[in-house]
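A look at the structure
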Amino acid sequence: MNAASYVIPAAPQPSLPVVGEAGSYPVRRIWCVGRNYLEHIREMGNDERAPPFFFAKHADMLVPDGATIPYPPLTKDLHHEVELIVAMKSGGLNISADKALDHVYGYAVGIDLTRRDLQIASRKKERPWEVGKSFDYSAPCSAIQPAAKIGHPTKGKIWLTVNGTETQKGDLTELIWNVPEIIWQLSQQVKLAAGDIIMTGTPAGVSQLNPGDKIECGVDGVGTLKVAIGKPE
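Residues numbered from 1 in each chain as written. Predicted model: local features only at pLDDT ≥ 70, side-chain atom pairs only at ≥ 80, totals over all residues. Heavy atoms only, no water.

Attention now moves to the pairing of strand E3 (residues 29–34). Taking burial as the measure, the six residues of E3 include five buried ones, the bulk of the element. Direction of pairing for E3 relative to strand E15 (residues 196–199): parallel, over a ladder of four bridges. Paired with Ile30 across the bridge in E15 is Ile197. Pairing geometry for E3 and strand E4 (residues 53–57), over five bridges, is antiparallel. (Buried < 20%, exposed > 50% of the residue type's maximum accessible area, 1.4 Å probe, protein only. Helix = DSSP H or I, 4+ residues; strand = E, 2+ residues; numbered from the N terminus. Pairing = 2+ DSSP bridges.)

Below is the structure:
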């Protein structure tokens, strides 16, 4: 269909810049892995032996590097969760772990912003997490580094600072489910495709954010990301 076929204006295509490329990476879906670092599972008081599970954010919730993010409504307990992001170039159903990396375009650094009080309230009522996880500006993300240039990182520090103080620190070696296993598990649930990005979980040290906070985070060998928290809209 061309633009004239729509009865209302079409929304712009969410995308991310690519390091060293003039073109950008079009984002189709955002998938997130829950509880994939042991120390974070322990700090949140959850089951260490549980298999991976997934939730989603909408693609238009992406926030670029350098942005100021309005403090979100309904919450008094906004948390940061730094994550390695995987960007897919192809996909399918039931992708085997030994073939999974063939479908990866590249990697980035992201933050899964979380309205923790709303997430916990939903969990206690056995309701979906969406209100706590999927909201405007909840997915800051750096530019993508193509795997053709950096390979497929399996080790390296993942970290986050708030106002210059380190709050999260871990290593990619601490992932309970590694990238090929995540793709294998998720592709049993949905048909993955080019443009899907996967946030792979966060290490321990998540903490509360307030208006005026400046956040910097990174993954060694992948890149860094800086955002700030502003006043509510």
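Now that the structure has been shown, the text picks up again.
Further remarks concern helix H5 (residues 179–187). H5 sits mainly inside the fold: seven of its nine residues count as buried. Restricting attention to buried positions, one finds in H5 the residues Val179, Pro180, Ile182, Ile183, Gln185, Leu186 and Ser187. On its buried face, H5 is in contact with E3, E4, strand E8 (82–88), strand E9 (104–111) and E15. For H5, the side-chain oxygen to backbone nitrogen distance between the N-cap and Glu181 is 3.0 Å, and the N-cap itself is Asn178. (Contact = heavy atoms within 4.5 Å. Polar contact = N/O pair within 3.5 Å; in protein donor to acceptor, adjacent residues only side chain to side chain.)

Attention shifts here to the pairing of strand E18 (residues 223–230). One ladder, built from three bridges, connects strand E6 (residues 68–70) with E18; its direction is parallel. Pairing of Ile69 across the sheet is with Ile229, part of E18. Joining the antiparallel neighbours strand E17 (residues 214–219) and E18 is a turn of three residues, in which Gly221 adopts a positive phi near 85°.

Ordered by their spatial adjacency, six strands build an open sheet running E4-E3-E15-E8-E9-E12, and the pairing between neighbours is mixed. Edge positions in the open sheet fall to E4 and strand E12 (145–146), since each of these has one partner strand only. Here H5 sits on the sheet in contact with E3, E4, E8, E9 and E15, set at roughly 65° to E8. (Axes fitted to C-alpha atoms, helices over the stretch in contact; angles between N-to-C directions.)

Moving on, we come to the nonpolar core. Core analysis: the biggest nonpolar cluster contains 60 residues, and Ile183, Ile197 and Ile198 have the highest contact counts within it. In terms of residue count, the dominant contributor to this core is E8 (six residues). Non-local contacts of Ile197, meaning those with residues more than four positions away in its chain, are made with Leu16, Tyr25, Val27, Arg29, Ile30, Trp31, Leu62, Ile85, Val86 and Ala87. (Core = buried A, V, L, I, M, F, W, Y, C linked by side-chain atoms within 4.5 Å.)

Attention now moves to the environment of Gly230. In this structure, Gly230 sits in strand E18. Taking the C-alpha atoms as reference points, Gly230 and Asn210, separated by 20 residues in sequence, lie 8.1 Å from one another. In this view, Gly230 contacts Thr68, Ile69, Pro70, Tyr71 and Pro211; residues no more than four positions away in its chain are not counted.

Enumeration over the complete set of coordinates arrives at three aromatic pairs. Put simply, the rings of Phe53, Phe55 and Trp129 touch in pairs and so form one group of aromatic residues. (Phe/Tyr/Trp six-rings, centres within 6.5 Å; stacked < 30°, edge-to-face > 60°.)

Before going further, it helps to examine the pattern of salt bridges. Any two side chains of opposite charge can pair, so long as their charged atoms come close to each other. The final tally for this structure, using the stated rule, is six salt bridges. One salt bridge connects Arg28 with Asp196, and the closest N-O pair in it is separated by 3.0 Å. A residue pair is termed long-range when its members are at least 10 positions apart, and Arg28 in the loop between strand E2 (24–26) and E3 and Asp196 in strand E15 qualify at 168 residues. Looking at Arg28, the relative accessible area reads 37%, which means it is partly exposed. Given a relative accessible area of 0%, Asp196 falls into the buried group. For Glu166, the salt bridge is made with Lys157, and the minimal N-O distance between the two is 3.0 Å. Assessed through its relative accessible area of 38%, Glu166 is described here as partly exposed. One connected set of salt bridges, linked through shared partners, spans Lys57, Glu81, Asp112, Arg116 and Lys133. (Salt bridge = Lys/Arg side-chain N within 4 Å of Asp/Glu carboxyl O.)

Here Thr75 is to be found in the loop between E6 and strand E7 (78–79). The contacts of Thr75, once residues within four sequence positions are left out, are Arg115 and Asp117.

What follows deals with the sheet that holds strand E16 (residues 208–209). Spatially, E10-E7-E16 is the arrangement adopted by the three strands of the open sheet, whose pairing is antiparallel. The sheet is open, and its two borders are formed by strand E10 (114–115) and E16, each paired with just one other strand. Here E7 runs beside E16; their pairing, made up of two bridges, is antiparallel. Across the sheet, residue His79 finds its bridge partner in E16, namely Gln208.

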